Amino acid sequence: MFAEFILAALACLGTLAASLAVFFHYQGDSEITFDTAAARDSRITKNMPQRTIRCRCLIPLANRGRQNGMVINVFCQPMYYGKIMEQLDITARLRLLDAPARQNGYWEAVIVKKNTTHLVELEVTIRSQVDLLRVAREIPCLKVIIYYQVVGRDGIQWYLSEARFDLAG
Amino acid sequence: MTLDVIPLQTKIITPEDRLFQIVADYAGPHLRPGDILVLAESMVAITQGRLIRPEQVKPTPWALALARFVSQDGSLSSPYAMQVIMNESGALRTLFAFCTAALTRLVFGRRGDFYRFAGQQASLVDDVTGNMPPFDKHIVLGPKHPEQVVAETRERFGVEAAIIDANDLGHTKILAATSGASQKLLLKVFRANPGGNADQQTPIVIIRKTRS
């Protein structure tokens, strides 16, 4: 009798655990990406006398998951290309286009609802101590790494995307 | 008799600020006898240091599981906010509230029992993105001891006082009010949320009765 009771209790618990697992799996989570492959409106402006290059593009921030998610922090950093970097001052910043305009680059945490896409502007400014032809020769393609922190149903996840600008073109 | 509703813009209030100093600086010069001084609950909570970043919270499997049953319109759909509430109200109480609410919803179709049983903090917590920068990356709890705060406010400033949680959806909750502050009047005034819900930075509102 007691063994049967234990068996029944275990069966109930097992069924409950399996049901929850199926429910959680079906419910899913957010799936937020900086879709750099779909970046558009890329623009590179070179100012030879001032030795300055400005790069800009729009990157879709898309949630293709089944749940909403929050992008709390976003950081971007140009890749390190060796000694030439010591003669360059590179600043990179991201701005959500539908957020209040800020000049200081502060990323305000944002909810990205499921099946929605926001546009993010990536702006890179390079101030060089050497002439720009040399910069383009040594860094024909500038890569910018975007690190972003997403909070979803499963907790905090960090992701990475890579944007690129063709400086030789 | 008409009402003047005066929202007061302040600097960004941080945990380093002292509530009564802020009230004295921004509301003090404007207060008149008979006024009702209304403080935003998030301002009181922030000055009490009741905020935490999600990175500082380790959600348990219970918090991860319970949060999945909360609609994403609510702050507790985040496992971090759920864990903060479990730490605040007690894990057992939160679990009890969850089970009871699930039952009453299934059997009687009644909603909101989770918040009734889990305690006031469960309905006051604001998840990440629920507050203006620099607290957009924090979970902000409700204030502690709101009754004491309003009593001390009345004592210091000589006017009736209340702490209110209002939003642009017309939902108003009076956390505490001194005896002379009419709850009916407060609800009526704050239905329109005169303090705003975005970056208006007006966490103090004075309600003044004037003869027209």
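All figures in this text were calculated on a predicted structure; none of them were measured in a lab.

Participant: Talk me through the sheet that holds strand 1 (residues 2-8) of chain B; I want residue IDs and the actual numbers.
Facilitator: All names here are of chain B. Taken in spatial order, the five strands make up an open sheet running 1-7-2-5-6, and their pairing is mixed. The open sheet is flanked by strand 1 and strand 6 (172-177), the only strands paired with a single partner. Looking at each pair of strands side by side, their axes are set apart by 25° on average, direction ignored. Packing of helix 8 (residues 146-157) onto the sheet brings it into contact with strand 2 (36-40), strand 5 (160-166) and strand 6, and relative to strand 5 it is tilted by some 140°. Helix-sheet contacts for helix 9 (residues 183-190) involve strand 1, strand 2, strand 5, strand 6 and strand 7 (204-210), and the interaxial angle to strand 6 is about 140°.

Participant: Describe helix 1 (residues 2-27) of chain A, listing the residues and the values that go with them.
Facilitator: Helical geometry: 3.6 residues make up each α-helical turn, so side chains three or four residues apart lie on a common side. Residue and element names in this part refer to chain A. Helix length check: helix 1 (26 residues) gives 37 Å between terminal C-alpha atoms against 38 Å at 1.5 Å per residue, within 8%. The buried count for helix 1 comes to one of 26 residues, which makes it a mostly uncovered element. Count one or two residues on from helix 1 and you reach Gly28, which has phi positive near 70°.

Participant: Can you break down a nonpolar patch on the surface residue by residue, with the values?
Facilitator: Where nonpolar side chains cluster on the molecular surface, the patch consists of Phe2, Phe5, Ile6, Leu10, Leu13 and Leu16 of chain A and spans about 670 Å² of accessible area. As for its placement among the helices and strands, Leu16 of chain A is situated in helix 1.

Participant: So what about the sheet that holds strand 4 (residues 69-78) of chain A? Which residues, and what values?
Facilitator: Residue and element names in this part refer to chain A. Strands sit in the order 6-4-8-9 across an open sheet of four strands; the sheet is antiparallel. Both edges of this open sheet fall to strand 6 (110-112) and strand 9 (155-166), since each of them pairs with a single strand only. With strand direction ignored, the average angle separating the axes of adjacent strands in the sheet is 35°. Bridge count between strand 4 and strand 8 (residues 141-152): eight bridges; the pairing is antiparallel. Note on strand 8: the bridge partner recorded for Asn73 is Gln149.

Basis of the calculations
- Residues numbered from 1 in each chain as written.
- Chains lettered and ligands numbered in written order.
- Predicted model: local features only at pLDDT ≥ 70, side-chain atom pairs only at ≥ 80, totals over all residues.
- Heavy atoms only, no water.
- Pairing = 2+ DSSP bridges.
- Helix = DSSP H or I, 4+ residues; strand = E, 2+ residues; numbered from the N terminus.
- Axes fitted to C-alpha atoms, helices over the stretch in contact; angles between N-to-C directions.
- Contact = heavy atoms within 4.5 Å.
- Expected span 1.5 Å × (residues − 1).
- Buried < 20%, exposed > 50% of the residue type's maximum accessible area, 1.4 Å probe, protein only.
- Patch = residues over 30% accessible without salt bridge, like charges linked within 9 Å, V, L, I, M, F, W, Y side chains within 5 Å.
- Areas by Shrake-Rupley, 256 points an atom, 1.4 Å probe, with all protein chains shown as cover.
- Salt bridge = Lys/Arg side-chain N within 4 Å of Asp/Glu carboxyl O.

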